[in-house]
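# Remarks on the overall topology
Listed here are the chains, written in short residue letters.
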Amino acid sequence: MESGPPANDLCSVCHGNFDIPCQANCSHWFCGNCIMLVWEHGSGAGPCKCPLCRRPITLLVPTQHSLAQRHQPQVSHILSKIHSYNRFFGAQPTTLLQRMQDLPFFLHRLLREFMDPQRSLPLVIRARVFIAMIVSVIYILSPIDILPEGILGIVGLLDDLLIALMCFLHVAALYRSVLYLRHGGS
């Protein structure tokens, strides 16, 4: 189970081993201090762009190991900067394109969290995820469709795909709010 950056990977900013590793919403890993320096030396008024893929970074998620070392002054200082960054940019509205680009990141982390017995999501979030998935599966499998496949053929699958996409976006938005509250919200 992946709980940090991949083995044998290096920070793309300092090209060294990760120090206080953080994962951005684009799924790339950085040293906490390195990505904060990128933000501070860029436009401090807006979120920084990922040095690798150039997508706006709207959420930084430190590892559990980094959070456990919070009592150390250097780690505490970097984590407080990350917390401030998330507070500034984590709650900003995002475009549909940004949400779709972030979808694999949030779904992958959510699946990992569901499978990890050490982690627990709030019961309300678990219930909403479960209900959203069940309702979308029932709609997709039911013979009642807005665009029937029997008449329109492959075009009739469009409504099923849109329902599934809306379900995944809803689930990702729920999980994003959990991560935001854990790592940046007040």
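Residues numbered from 1 in each chain as written. Predicted model: local features only at pLDDT ≥ 70, side-chain atom pairs only at ≥ 80, totals over all residues. Heavy atoms only, no water.

The name that an unreviewed UniProt entry assigns to the protein chain is E3 ubiquitin-protein ligase RNF170, with the source organism given as Mucuna pruriens. Its UniProt record, at the heading Subcellular location (unreviewed entry), says of the protein chain: "Endomembrane system". (UniProt positions renumbered as here; feature names shortened; annotations may be inferred.)

Before going further, it helps to examine the overall build of the protein chain. Scanning the protein chain for helices and strands turns up seven helices and three strands. In sequence order, the protein chain lays out its α and β elements as β-β-α-β-α-α-α-α-α-α. C-alpha atoms of the protein chain, sized along the principal axes, occupy 65 × 35 × 35 Å. Taking contacts inside the protein chain between residues at least 6 apart in sequence as the whole, the part at least 24 apart equals 64%. When the accessible surface of the protein chain is totalled, it reaches about 10600 Å², and 67% of it is carbon and sulfur. Of the side-chain charges in the protein chain, 14 are positive and 11 negative, and the distance between the mean point of each set is 11 Å. (Helix = DSSP H or I, 4+ residues; strand = E, 2+ residues; numbered from the N terminus. Contact = heavy atoms within 4.5 Å. Areas by Shrake-Rupley, 256 points an atom, 1.4 Å probe, with all protein chains shown as cover. Lys, Arg positive; Asp, Glu negative; His and termini not counted. Charge placed at Lys NZ, Arg CZ, Asp CG, Glu CD.)

Entries for the protein chain in the domain assignment read domain 1 (21–95) and domain 2 (116–184). Taking only C-alpha atoms, the centre of domain 1 and the centre of domain 2 are 28 Å apart. Taken together, the 15 residues of domain 1 in the interface contact six residues of domain 2. Buried area between domain 1 and domain 2, both sides added, is near 870 Å², and the carbon and sulfur share of it is 56%. Of all residues in domain 1, Leu59, Val61 and Gln64 bury the most surface against domain 2, accounting for 40% of the area lost on that side. There are zero salt bridges connecting domain 1 and domain 2. (Domains from an automatic or database assignment. Buried area = accessible area lost by both parts, 1.4 Å probe. Salt bridge = Lys/Arg side-chain N within 4 Å of Asp/Glu carboxyl O.)

What follows deals with the side chain of arginine 109. Checked against the element boundaries, arginine 109 lands in helix α4 (residues 96–115). In contact with arginine 109, not counting residues within four places along its chain, are Gln23, Val61, Tyr175 and Leu179.

Next up on the list: the pattern of salt bridges. Per the stated rule, a full pass over the model turns up two salt bridges. Across the pair aspartate 102 and arginine 55 runs a salt bridge whose closest N-O atoms are separated by 2.4 Å. Here aspartate 102 is found in helix α4, whereas its partner arginine 55 is found in the loop between α1 (32–41) and β3 (60–62), with 47 residues between them in sequence. The pair formed by aspartate 102 and arginine 55 is uniform in burial state, with each residue classed as buried. (Buried < 20%, exposed > 50% of the residue type's maximum accessible area, 1.4 Å probe, protein only.)

The next point concerns the sheet that holds β3. As summarised here, the arrangement of the three strands in space is β2-β1-β3, forming an open sheet in which the pairing is antiparallel. Each end of this open sheet is capped by a strand with a single partner; those strands are β2 (29–31) and β3. Pairwise comparison of adjacent strand axes, ignoring direction, gives a mean angle of 35 degrees for this sheet. Bridge analysis of strand β1 (residues 21–24) against β3 gives three bridges, and the strand direction is antiparallel. Note that in β3 the partner of cysteine 22 across the bridge is proline 62. Along the sheet, α1 makes contact with β1, β2 and β3, crossing β2 at roughly 90 degrees. Helix-sheet contacts for helix α3 (residues 73–89) involve β1 and β3, and the interaxial angle to β3 is about 150 degrees. (Pairing = 2+ DSSP bridges. Axes fitted to C-alpha atoms, helices over the stretch in contact; angles between N-to-C directions.)

With that settled, the discussion passes to the UniProt feature "transmembrane region" (unreviewed entry) in the protein chain. According to UniProt, the feature "transmembrane region" (unreviewed entry) maps to residues 123–141 and 161–181 in the numbering used here. The distance separating the terminal C-alpha atoms of residues 123–141 is 27 Å; by composition the span is 100% helix and 0% strand. Taken end to end, residues 161–181 is 100% helix and 0% strand, and its two terminal C-alpha atoms sit 30 Å from one another.

Once that is clear, we can look at the packing of α1 against α3. Axis separation between α1 and α3 bottoms out at 10 Å; the angle between their running directions is 50 degrees. Judged by the inter-axis angle, α1 sits oblique to α3. For the pair α1 and α3, the sense of crossing is left-handed. Packed against α1, whose contacting residues are Gly32, Asn33, Met36, Trp39 and Glu40, the element α3 presents Ile78, Lys81, Ile82, Tyr85, Phe88 and Phe89 at the interface. Residue composition of the contact of α1 with α3, by class: seven nonpolar, two polar and two charged. (Parallel < 35°, antiparallel > 145°, perpendicular 65-115°, else oblique. Left-handed = near helix turned anticlockwise from the far one by under 90°. Nonpolar A, V, L, I, M, F, W, Y, C, P; charged D, E, K, R; others polar.)

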